[in-house]
Each structure stands twice: as C-alpha cells, then as structure tokens.
Amino acid sequence: GAGVSQSPSNKVTEKGKDVELRCDPISGHTALYWYRQSLGQGLEFLIYFQGNSAPDKSGLPSDRFSAERTGGSVSTLTIQRTQQEDSAVYLCASSLVSGSYEQYFGPGTRLTVT
Amino acid sequence: AQSVSQHNHHVILSEAASLELGCNYSYGGTVNLFWYVQYPGQHLQLLLKYFSGDPLVKGIKGFEAEFIKSKFSFNLRKPSVQWSDTAEYFCAALVSGSARQLTFGSGTQLTVLP
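Because the structure is a prediction, the values reported are computed rather than measured.

What counts and how
- Residues numbered from 1 in each chain as written.
- Chains lettered and ligands numbered in written order.
- Predicted model: local features only at pLDDT ≥ 70, side-chain atom pairs only at ≥ 80, totals over all residues.
- Heavy atoms only, no water.
- Phe/Tyr/Trp six-rings, centres within 6.5 Å; stacked < 30°, edge-to-face > 60°.
- Helix = DSSP H or I, 4+ residues; strand = E, 2+ residues; numbered from the N terminus.
- Buried < 20%, exposed > 50% of the residue type's maximum accessible area, 1.4 Å probe, protein only.
- Disulfide = S-S within 2.5 Å.

The next thing to look at is the packing of aromatic side chains. Residue and element names in this part refer to chain B. All told, the structure shown has 16 aromatic pairs over all chains when counted by the stated rule. Centroid distance Phe34 to Phe51: 5.6 Å. Interplanar angle 85 degrees. Geometry classified as edge-to-face. On the criterion of sequence distance, the pair formed by Phe34 in strand β5 (residues 31-38) and Phe51 in the loop between β6 (45-50) and β7 (56-58) is long-range, its members being 17 residues apart. Classification of Phe34 as buried rests on a relative accessible area of 0%. Of the residues examined, Phe51 reaches a relative accessible area of 26% and is grouped as partly exposed. For the pair Phe90 and Phe104, a centre-to-centre distance of 6.3 Å together with 90 degrees between the ring planes defines the contact as edge-to-face. Of this pair, Phe90 sits in strand β10 (residues 87-95) while Phe104 sits in strand β11 (residues 103-104), and the two are 14 residues apart along the sequence. Looking at Phe90, the relative accessible area reads 1%, which means it is buried. Given the relative accessible area of 8%, Phe104 is considered buried.

Time to look at the state of the cysteines. Here the structure, examined in full by the defined rule, presents two disulfides over all chains. With its sulfur 1.8 Å from that of its partner, Cys23 of chain A forms a disulfide with Cys92 of chain A. With the S-S dihedral at roughly -65 degrees, the linkage between Cys23 of chain A and Cys92 of chain A falls on the left-handed side. Of the two residues, Cys23 of chain A is situated in strand β3 (residues 19-24) and Cys92 of chain A in strand β8 (residues 88-95); the sequence distance between them amounts to 69 residues. The pair formed by Cys23 of chain A and Cys92 of chain A is uniform in burial state, with each residue classed as buried. Disulfide pairing places Cys23 of chain B opposite Cys91 of chain B at an S-S distance of 1.9 Å. When the S-S torsion is -65 degrees, as for the bridge of Cys23 of chain B with Cys91 of chain B, the disulfide is left-handed. Pair noted here: Cys23 of chain B is in the loop between β3 (19-21) and β4 (24-26) and Cys91 of chain B is in strand β10, with a separation of 68 residues, a long-range link.

Encoded structure:
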C-alpha cells in the first residue's frame, strides 16, 4: 500500500516569500503530525491533527507557521514571510489512533530559504 | 517537559563489531519508546518499539533494545553490524496520554567501515 507522501520534495524560496508544503497521509490514518528536521536542532514536533478535533499547535515556532487539514486527510503546512532559519526538512507522519500508535513518516520536503 | 538524550553523536565501527547506542529519557510516568533509523537518502523507518511487557524488544534487521526503567534508558544493540547499517539512528519517546507527538533525541550517526 501507499505510504505517506509529501510534495514538493525540494523547495527553494527567497526570504520573505510564502511557501506551502503538502502531506498525503496513509489512507485510514486519522492522526497526522508535522515535524521539522534541521541541523543542530534535531527533529522537532510542530503540529498534530486528530480527526475533527482542534489541532495541537504547541510546537509551531512562530505565528508565521500555520497548518490545516482538509476532510480529515491531506494537510498543508504554510510558512509566511520565510526566513533563513526556516531552512530545514519538513517531515509529515501519520498513525492510527488506537493500537501501537506507530508513526509512519513521509520522505520530507527540503526547504531552502535564500 | 520530557526530553530524550542520545550521548553518542557519531559512532564509527568496523563490520562485525558489536553496537550499543545509548538513549536516556526524562519522564517519570508511562512512556512508549521507539528507535527509528534513517538510511542515506531515505525517510525515517521504525526499527523497534517498546510499549509494555518484556523489556527486551527485538526489531528488524537483528536490532534489539532493552528498557531499563530504573535507569530511564532504552539502549539499542546489535551483536554484529554490517556496512548496510550505516545510517542515522533516532531514539524517541511518546508520553502516554499526551497528544501523542514523539520527542526525539538528537540522533546518532553510525558509520560502518567495510
């Protein structure tokens, strides 16, 4: 079966521009997570969606970051007015809510802000 | 707040050597523990996980990990490494009852020399 997919795989943008990153979770997974992997910071949690509940945004680093999940499936992470420190690999993961809670990760989007 | 520590940032071994990567977590309650691996150019994959029961957990590719509650540790082991084990290894914890986001360690880069 298909795993978690993310697009684009690479994104280069100029400082100050907005970017949108997309995640398609595994079909049937109701939980969706965004993480950021950057040099010197490791893997950081950003935001969590579970079904129709309000998302847990506790990991978002600033109000320039936002995310939405439409129809309980596809999610978009938006970064407004990008800064150089936003350069990182943005990872999406999904999981079932019950059971082993194993999170399955996508290949990531490498964002470079110039 | 919980945290996960991996004290070895880069480990270099020859093929057939034994491997032990350290992982310590700081949380007094019930935690679920994971080891993920990221091979060069690939996305994060689950190696093994501990939820409850036998503290010695066996995963894929001959890896195992032992949960020692008194030491807050979940070290990863393999008796004989192969060149193909060259990858970055991440320990992660999930606090039971939380919003279920993973807290990751900083990662250990393992290089196996042929």
